Amino acid sequence: MEPLLEVKKLTKTFQKKGQEELAAVDHVSFCLLPGETLGIVGESGSGKSTVARMITGLLKPSEGEIYLGGRAVTHLKSREQRQVYRQLQMVFQSPAESFDPRRTLGDGVGESLKNTGLSSKERKRRVEKLFMQCGLPADFAGRYPHEVSGGQCQRAAIARALAVEPRLLICDEATSALDVTVQKQVLELLASLKREWGLSYLFICHDLALVQQFCDRVLVMAEGRIVEEGTPEQVILHPRKAYTIKLIQAVL
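This section reports on the structure supplied with the text.

About the thresholds
- Residues numbered from 1 in each chain as written.
- Predicted model: local features only at pLDDT ≥ 70, side-chain atom pairs only at ≥ 80, totals over all residues.
- Heavy atoms only, no water.
- Axes fitted to C-alpha atoms, helices over the stretch in contact; angles between N-to-C directions.
- Helix = DSSP H or I, 4+ residues; strand = E, 2+ residues; numbered from the N terminus.
- Parallel < 35°, antiparallel > 145°, perpendicular 65-115°, else oblique.
- Contact = heavy atoms within 4.5 Å.
- Pairing = 2+ DSSP bridges.

## Some remarks on the packing of helix H5 (residues 120–133) against helix H7 (residues 180–197)
- Across the interface, H5 lies against H7 with an axial gap of 11 Å and an inter-helix angle of 120°. Here H7 runs oblique to H5, going by the angle between their axes. Contacts from Arg 126, Leu 130 and Gln 133 of H5 reach H7 at Leu 189, Leu 193, Glu 196 and Trp 197.

In structure tokens form, the structure reads like this:
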């Protein structure tokens, strides 16, 4: 099976004035298969979110290649990049901050539909359907980010990500700001959408219990590198590397 996402020797270096270059991500390589949920875990500063930002085009890699659906996307021009990146959307840690507070949630979800040829009436109908598919009443489209709970806002953010019908969602600590009960509800929603839409997930998370529950495979990152990978059972229940053992012991 051809990977949906493949990164090869992905590297990102930063340099502060008068200092040597620092590799936030150092020659990272992995692939994600269609329909798979791949978790990335590691301590804060291990490079997890930097990898996600490079994959989504928010950061330009210093080295390496990114392939989406078999196509090299690292050096595409902006118009080509926009077309390709419709296959991929990101769900962030703080959903309220990703919406414009002056506009309704429905406006935020519908923004990406403006250039699709749909009439305003069709866009409104589509947005309301997305809200309902994500477990929100249709009339929530008329609410503002500050008028809903964190879990409801994250559901709206997922609806916005689905609006362009992507194949891959990158969830960057998408449940970490939610309480345990709401986390469970959001994970159940993501699992349901995976079945219904045939989605793949790159699930970046520091909570090993959630990763064990939700992911098919796991990558462990430390100091910008992948130090261990395998199924949740292999990595979390039977770790081989000292760093992974230390990471697991820290949450016990």
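## A word on the pairing of strand E10 (residues 225–230)
- Here strand E9 (residues 217–222) pairs with E10 via 5 bridges, running antiparallel. Bridge assignment links Val 220 to a residue of E10, and that residue is Glu 228.
- Hairpin connection between E9 and E10: a loop of 2 residues separates the two successive antiparallel strands, and Glu 223 in this loop has a positive phi of roughly 50°.

## Notes on the sheet that holds strand E3 (residues 37–41)
- In space, the 6 strands of this open sheet follow the order E6-E7-E8-E3-E9-E10, with mixed pairing throughout. Looking at which strands have only one partner, the edges of the open sheet turn out to be strand E6 (88–91) and E10. Each strand axis lies, on average, 20° off the axis of its neighbour in the sheet, ignoring direction.

## Observations regarding the sheet that holds strand E5 (residues 71–72)
- Ordered in space as E2-E1-E4-E5, the 4 strands form an open sheet in which the pairing is antiparallel. Lying at the two open borders of the sheet, with one neighbouring strand each, are strand E2 (22–32) and E5.
- Looking at chain direction, strand E4 (residues 63–68) and E5 are connected through 2 bridges and run antiparallel. Opposite Tyr 67, over in E5, you have Ala 72 as the bridge partner.

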